[in-house]
Amino acid sequence: MTSVIANSTKTIVATGTSSGLGFELIKLLLSSPASLTPSTTHLNLILGARDTNRTGQAYNALSYPKTDHILSILPLELSSLKSTASFANAALERLGPEGKIDYLLLNAAVSDGTDKAAKESKSGLCEAFVVNHLSQHYLVHLLEKKLIDSATRIIFVSSGAIRRVTDPSTLEKDLKVGSGVEANDTYAQTKFLNLLSAQWWRRRLDGKCRVVAVSPGLIPNTGIGRGSGMKLSMEMPDAKSVEHGAKSILAAFTRDDFPRDGEQIFLTSWGEWWEKGVYEKVLDKGLQDKWCWSKEEIEEGGVGLSC
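Quick notes on the rules
Residues numbered from 1 in each chain as written. Predicted model: local features only at pLDDT ≥ 70, side-chain atom pairs only at ≥ 80, totals over all residues. Heavy atoms only, no water. UniProt positions renumbered as here; feature names shortened; annotations may be inferred. Pairing = 2+ DSSP bridges. Helix = DSSP H or I, 4+ residues; strand = E, 2+ residues; numbered from the N terminus. Axes fitted to C-alpha atoms, helices over the stretch in contact; angles between N-to-C directions. Parallel < 35°, antiparallel > 145°, perpendicular 65-115°, else oblique. Left-handed = near helix turned anticlockwise from the far one by under 90°. Contact = heavy atoms within 4.5 Å. Nonpolar A, V, L, I, M, F, W, Y, C, P; charged D, E, K, R; others polar. pLDDT = per-residue confidence, 0-100. Phe/Tyr/Trp six-rings, centres within 6.5 Å; stacked < 30°, edge-to-face > 60°. Buried < 20%, exposed > 50% of the residue type's maximum accessible area, 1.4 Å probe, protein only. Lys NZ or Arg CZ within 6 Å of the ring centre and 35° of its normal.

The protein appears in an unreviewed UniProt entry as NAD(P)-binding protein from Triangularia setosa. Quoted straight from UniProt, the Sequence similarities (unreviewed entry) entry for the protein says "Belongs to the short-chain dehydrogenases/reductases (SDR) family."

Now the structure itself:
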């Protein structure tokens, strides 16, 4: 009986599901849990949100069989490492010693520039760096034992914007608070670091967890461009709907046709595994180790950088 329950219930821990692509993805899964696996009938969702009341109301307004699923919305402010640690602890408490995490979705992102200082960090780097990269990297550290015990699939939502990073040596300077770098460049740079993290965790968890990165494509109607001042529209070349973007992320949950080359983990919005030449700079192990700090380095304030 236990194995039947385990096969029919899948647990997802996620960031970035209060609105936009993440919300659309969870909405899709609540109405059709078999989208994950044919045997999935129940979901145990542990979602982090800045505004738990607003997010709870948004999910309560959806029409889905509410008695079939467990939906836990826990406080999470990714600009704060303390909040990230509290969320991890609360998620582990909800799961209990025997609970598994089938999927960890790292979807949260902001498009702010470098004007906001990071909280609780001595590195001098901006808040967008913490939200888009550091806190979610830290969350994997905090959940690592449970992830290994669960053989979790970890999904990093990345972006084709990483191709704009042509010289990673400028990242330290560019991501400093008040550097003056344009917000859309900061977004590309922090997503580049997010993909570095995916590759770093792929190496560390090799044979223990499956790590997948995915680009949902250019999705104008998520509101992601607000912080950067970018004006996005569906008239832009390659623009895709929110629903299309959510389905692209879902593919990272379900695809099993992985390339033989372990470094080729990046799934495109058109359903192909991107050639490594597109993101070859994130394959630099030295660069991965520089920016993907240990749990101890993060808690000490980011001593992983020379700055």
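### Remarks on the sheet that holds strand β3 (residues 70-75)
Taken together, 7 strands build an open sheet; the order of strands is β3-β2-β1-β4-β5-β6-β7 and the sheet is parallel. Of all strands in the sheet, those bounded by a partner on one side alone are β3 and β7 (266-267). In this sheet, strand β2 (residues 42-49) lies alongside strand β1 (residues 9-15) in parallel orientation, the contact comprising 6 bridges. The residue bridging Lys10 from the neighbouring strand is Leu43, located in β2.

### Description of the packing of helix α5 (residues 127-150) against helix α7 (residues 183-204)
Taken N-terminus to C-terminus, the directions of α5 and α7 make an angle of 15°; their axes are 7 Å apart at the nearest point. Overall, the two elements α5 and α7 adopt an arrangement that is roughly parallel. Note that α5 runs across α7; the crossing there is right-handed. On α7, the residues touching Ala128, Phe129, Asn132, His133, His137, Val140, His141 and Glu144 of α5 are Thr186, Tyr187, Thr190, Leu193, Asn194, Ser197, Trp200, Trp201 and Arg204. A breakdown of the residues in the contact of α5 with α7 according to their chemical character gives 7 nonpolar, 8 polar and 2 charged.

### Comments concerning the confidence of the model for the protein
Looking at the protein, the pLDDT average stands at 90 and 88% of residues meet or exceed 70. pLDDT under 50 marks residues 1-5. Its contacts with residues more than four places away, or in other chains, come to 0 contacts. Contacts for the low-pLDDT stretch residues 303-307, under 50 throughout, to residues beyond four places or in other chains number 13 contacts.

### Let's talk about the packing of aromatic side chains
This structure, assessed with the given rule, holds 9 aromatic pairs. Measuring from ring centre to ring centre gives 4.7 Å for Phe23 and Tyr59, while their planes differ by 45°; the resulting arrangement is tilted. Of the two residues, Phe23 is situated in helix α2 (residues 20-31) and Tyr59 in helix α3 (residues 52-60); the sequence distance between them amounts to 36 residues. The burial state of Phe23 is the same as that of Tyr59; both residues are buried. Measuring from ring centre to ring centre gives 4.9 Å for Phe266 and Trp274, while their planes differ by 65°; the resulting arrangement is edge-to-face. The same class applies to Phe266 and to Trp274, which are both buried. Taken together, the ring pairs connect Phe266, Trp270, Trp274 and Tyr279 into an aromatic cluster. Positioned over the ring face of Tyr64 is Lys66, at 4.4 Å from the centre of the ring.

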